[in-house]
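Close look at the chain arrangement
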2 protein chains.
Amino acid sequence: MSQKEKFFIGVDIGGTNTVMGLVDAGGKILDEKSFATGTRPAPDVYLDKLNAEIAGLIEKNGKKISGIGIGAPNGNFYKGTVEQPPNLGWGTVPVAAIVSKALNIPALVTNDANAAALGEMTYGAAQEMKNFILITLGTGLGSGVVVNGELVYGAYGFAGELGHMTAVENGRLCGCGRYGCLETYASAGGICRTALELLSMENRSSLIRDITPNNLTSEMIFTFAEKGDPIAIDAFNETGKILGKKLADAIAVTEPRAIILFGGLANAGERIITPTQKALDEAVLPIFRGKVKVMLSGLQGRNIAVLGAAALAGHYDKN
Amino acid sequence: MSQKEKFFIGVDIGGTNTVMGLVDAGGKILDEKSFATGTRPAPDVYLDKLNAEIAGLIEKNGKKISGIGIGAPNGNFYKGTVEQPPNLGWGTVPVAAIVSKALNIPALVTNDANAAALGEMTYGAAQEMKNFILITLGTGLGSGVVVNGELVYGAYGFAGELGHMTAVENGRLCGCGRYGCLETYASAGGICRTALELLSMENRSSLIRDITPNNLTSEMIFTFAEKGDPIAIDAFNETGKILGKKLADAIAVTEPRAIILFGGLANAGERIITPTQKALDEAVLPIFRGKVKVMLSGLQGRNIAVLGAAALAGHYDKN
């Protein structure tokens, strides 16, 4: 059977919802469904539910499935495990083995940002690229690093944690317990913190001053920036500056052809791309200058989590 | 012919001397020779000389050579070129093609630190490792990054420039024209600068105060540290601290199993290893803590440049 006629299931285990899709080799989602992940569900109860839902999706569509890919927080590709995922309250759970055994279909696990990078490489803006870094700018900053056409999992399965590079010495407190991590600046959450910091530093009027910090979102800051709000505009410029500067360190390691941005904050388009590219070009070694392009995902607006998980299954399918 | 019975030529084009060796597949240097590189030699004159010397070495030993590997500053693996090498005064020279054509043997080029990483993987401390980073602590800081058992060359051939990650914001002026690059702190030259900075900061007596800065070497600082000189001891601790802290950023990208140190400053052994490991473990994400080991090269005291270049030829030899 040629790769073209194959079908895969992509599953995204999120903190709120679990979403799955039946995807063809060309990246078309033929059918999808979702269910509430639940609050700290017991792993066996949750996985019984997941297996039943996948089985239902397969049965409904009547396609032979070549593989199942699963993206999950702290998914370990090597072991097929999900390990101490934040929000789920699990220990280490051998998700790939349990799903594969129940459905008698090969299953693979990785984290959501890695899956997104595979999705970008298989169906998105990186189809011609052997070396790139995908950055997801959501609540935090996730990343997937591709080298020589393969995802970098590292020695133990947790490579690609660019969100936890130190961007600012003794900087903002991060959820990981350390200070100054890149994701505390460059993410949807980070830009809100930057807006508050800017408000604290100066007296210019700003629409942000009328929003309670608890309600402030990166989307609001974007809307205000589009209206010409100076603090909102500066918040984007500051965010891009820190992101671009820090990406220069990652570029010194793997020299990607592009940095591809995805996620809520990436919806701001040129407002985040332009300052990031500028700071990056100022910060890289002269030999890299002008060579590494900051660009938007080719899958913005599509379900990259499901496509990425399906791409995970397809990428390693050898039959 | 099995890989075991094969022979390779490894060539190290250095600023002062060009060294070459005839190496068997087990990493034994059967014969070696060297000649003065000369001051800014014309590329054609130099390469005629190089080809004649390689031919002489081969003829003398009567072995069939399966490949020639060449390590050179700014060597580009993809193109087989040496591009604007510092000290040689060349433009872009297609070294691999010229050598290969003259001798009718496959030839490959890469930079010296990349070659060293391949040497470490083939004959040294990384023989069992698929993911590691080799750091050469010489005049500057060179690096070779290995992921999934393959060297990372990047999109354009210049990956692995960890010496030019920014270690200190607005820090020391680097030879590359930027400020605060890691190699201005963590290298044989960097530790001398750190010793001077420490002397400037305090009044403790030190043997270093009797050495002119022009004559100060990292070996002297090591000797003084061994004698208990407090500034010399602190210079090593500071160097390891900055190196370990910055390596945490590289670890967030590729998650190596080990950081392997080679070169003049690595001869200091535990004096540099211990503070580097400590700072690294403090700076990495909790999930990496205790997993990434800082260790010495398995080739210290051997000619890693020649072995690495021979390993380059052997690694990509497909016959």
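Please refer to the structure placed before this passage.
The following refers to the structure shown. (Residues numbered from 1 in each chain as written. Chains lettered and ligands numbered in written order. Predicted model: local features only at pLDDT ≥ 70, side-chain atom pairs only at ≥ 80, totals over all residues. Heavy atoms only, no water.)

Chain A puts 42 residues into the contact, and the matching count from chain B is 42 residues. Summing both sides of the interface, chain A and chain B together bury roughly 3200 Å²; the carbon and sulfur share of this comes to 58%. Among the residues chain A hides against chain B, the three largest losses belong to Tyr-156, Val-253 and Glu-255 of chain A. Together they make up 20% of the total. Taken together, chain A and chain B are joined by 4 salt bridges. Between Lys-245 of chain A and Glu-169 of chain B there is a salt bridge whose closest N-O contact spans 2.3 Å. Put simply, chain A and chain B have 25 residue pairs in polar contact (both at pLDDT 80 or more) between them. Looking at the side of chain A that touches chain B, the elements with two or more residues in it are strand S10 (141-147), strand S11 (150-151) and helix H6 (230-254) of chain A. For the side of chain A that touches chain B, the class distribution of residues is 23 nonpolar, 8 polar and 11 charged. (Contact = heavy atoms within 4.5 Å. Buried area = accessible area lost by both parts, 1.4 Å probe. Salt bridge = Lys/Arg side-chain N within 4 Å of Asp/Glu carboxyl O. Polar contact = N/O pair within 3.5 Å; in protein donor to acceptor, adjacent residues only side chain to side chain. Helix = DSSP H or I, 4+ residues; strand = E, 2+ residues; numbered from the N terminus. Nonpolar A, V, L, I, M, F, W, Y, C, P; charged D, E, K, R; others polar.)

This part takes up the relation of the copies chain A and chain B. Here chain A sits on chain B after a turn of 180° about the axis and a move of 0.0 Å along it, with an RMSD of 0.1 Å. Here the copies are linked by what is in effect a two-fold axis. The C-alpha atom lying nearest the rotation axis in chain A is that of Ala-250 of chain A; the distance is 3.5 Å. Of the interface residues in chain A, 100% have counterparts in chain B that sit at the interface too, so the contact is made through matching surfaces. (Least-squares fit on C-alpha atoms with pLDDT ≥ 70 in both.)

Bringing the pairing of strand S9 (residues 132-137) of chain A into the picture now. All names here are of chain A. Counted residue by residue, S9 has 6 buried out of 6 residues, so it is predominantly covered. Neither face of S9 is open: one carries Phe-132, Leu-134 and Thr-136, the other Ile-133, Ile-135 and Leu-137, and all of them are buried. In the sheet, S9 pairs with S10 via 6 bridges, with the strands oriented antiparallel. Bridging from a neighbouring strand, Leu-137 pairs with Leu-141 of S10. (Buried < 20%, exposed > 50% of the residue type's maximum accessible area, 1.4 Å probe, protein only. Pairing = 2+ DSSP bridges.)

One recurring pattern in soluble globular proteins: nonpolar side chains tend to sit buried together. Ranked by size, the top nonpolar core spans 100 residues in total, and within it Leu-162 and Leu-261 of chain A together with Leu-162, Ile-259 and Leu-261 of chain B carry the most contacts. Aside from chain neighbours lying at most four places away, what touches Leu-162 of chain A is Ile-133, Ile-135, Leu-141, Ser-143, Val-145, Leu-182, Leu-247 and Ala-250 of chain A together with Ala-252 and Val-253 of chain B. (Core = buried A, V, L, I, M, F, W, Y, C linked by side-chain atoms within 4.5 Å.)

Our next topic: empty space enclosed by the protein. Scanning the model with the defined rule gives 1 cavity of 30 Å³ or more in all. Considered as a void within the structure, the largest cavity measures approximately 40 Å³ in volume. Ala-248, Asp-249, Ala-252, Ala-283, Val-284, Leu-285 and Phe-288 of chain A together with His-164, Met-165 and Arg-178 of chain B are the residues that line the largest cavity. Here the lining of the largest cavity gets 3 residues from one element, more than from any other, and that element is H6 of chain A. Its residues assigned to classes, the lining of the largest cavity comprises 7 nonpolar, 1 polar and 2 charged. (1 Å grid on protein atoms, 1.4 Å probe; cavity = no way out; pocket = protein on both sides within 12 Å on 5 of 7 lines; lining within 4 Å. Points joined across faces, edges and corners; volume = space filled by probe spheres on them.)

Residue and element names in this part refer to chain A. Scanning the model with the defined rule gives 0 disulfides over all chains in all. Free of any disulfide, Cys-181 has its nearest neighbouring cysteine sulfur in Cys-176, separated by 3.7 Å. Given a relative accessible area of 0%, Cys-181 falls into the buried group. (Disulfide = S-S within 2.5 Å.)

Attention now moves to unusual backbone geometry. All names here are of chain B. Although it is not a glycine, Gln-84 adopts a positive phi angle of roughly 45°. Residue placement: Gln-84 occurs in the loop between strand S6 (81-83) and strand S7 (92-93). Of note in this structure, Asn-148 is not a glycine but carries a positive phi near 50°. The topology assignment puts Asn-148 in the loop between strand S10 (141-147) and strand S11 (150-151).

Among the secondary structure elements, Glu-183 of chain B is positioned in the loop between S11 and helix H4 (188-201). In contact with Glu-183 of chain B, other than residues within four places in its own chain, are Gly-140, Leu-141, Gly-163, His-164, Cys-174 and Gly-190 of chain B.

For the rest of this paragraph, the subject is the packing of H4 of chain B against helix H6 (residues 230-254) of chain B. Residue and element names in this part refer to chain B. It is at 9 Å that the axes of H4 and H6 come closest, and there the two elements cross at 125°. Regarding the angle of H4 to H6, the classification is oblique. Relative to H6, the crossing made by H4 is right-handed. Taking contact as the criterion, the partners of Ile-191, Thr-194, Ala-195, Leu-198 and Leu-199 in H4 are, on H6, Ile-231, Asp-234, Ala-235, Phe-236, Glu-238 and Thr-239. Looking at the contact of H4 with H6, its residues break down into 7 nonpolar, 2 polar and 2 charged. (Axes fitted to C-alpha atoms, helices over the stretch in contact; angles between N-to-C directions. Parallel < 35°, antiparallel > 145°, perpendicular 65-115°, else oblique. Left-handed = near helix turned anticlockwise from the far one by under 90°.)

Next up on the list: the sheet that holds strand S13 (residues 293-296) of chain B. Residue and element names in this part refer to chain B. As summarised here, the arrangement of the 5 strands in space is S11-S10-S9-S12-S13, forming an open sheet in which the pairing is mixed. Strands with a single pairing partner mark the edges of an open sheet, and in this sheet they are S11 and S13. In terms of strand pairing, S10 meets S11 through 2 bridges, oriented antiparallel. By the bridge assignment, Val-146 is partnered in S11 with Leu-151.

With that out of the way, let us pick up the environment of Leu-296 of chain B. All names here are of chain B. The residue Leu-296 is located in strand S13 in this model. A relative accessible area of 33% means that Leu-296 is categorised as partly exposed. Look past the residues within four positions of Leu-296 in its chain and what remains in contact with it is Ala-125, Ile-260, Leu-261, Ala-266, Gly-269 and Ile-273.

So, on to the pattern of salt bridges. Throughout the structure, instances matching the rule amount to 26 salt bridges over all chains. The salt bridge involving Asp-31 of chain A is made with Lys-60 of chain A; its shortest N-O contact spans 2.8 Å. Here the residue Asp-31 of chain A occupies a position in strand S3 (residues 29-36), and Lys-60 of chain A occupies one in helix H1 (residues 43-61), the gap between them amounting to 29 residues. For Asp-31 of chain A, a relative accessible area of 13% translates into the label buried. According to the relative accessible area criterion, Lys-60 of chain A is exposed, its value standing at 64%. Because the salt bridges share partners, they merge into one network encompassing Lys-246 and Asp-249 of chain A together with Lys-246 and Asp-249 of chain B.

What follows deals with the side chain of Ser-143 of chain A. Residues and elements named next belong to chain A. Mapped onto the elements, Ser-143 comes out in strand S10. Taking the relative accessible area as the measure of exposure, Ser-143 reaches 1% and is therefore buried. Here the side chain of Ser-143 touches Gly-160 through a polar contact of 2.6 Å, landing on its backbone oxygen. In terms of polar contacts, Ser-143 uses its side chain to reach the backbone amide nitrogen of Leu-162, at 3.2 Å. The contact partners of Ser-143, leaving out residues within four places of it in the chain, are Ala-113, Asn-114, Leu-134, Ile-135, Gly-160, Glu-161 and Leu-162.

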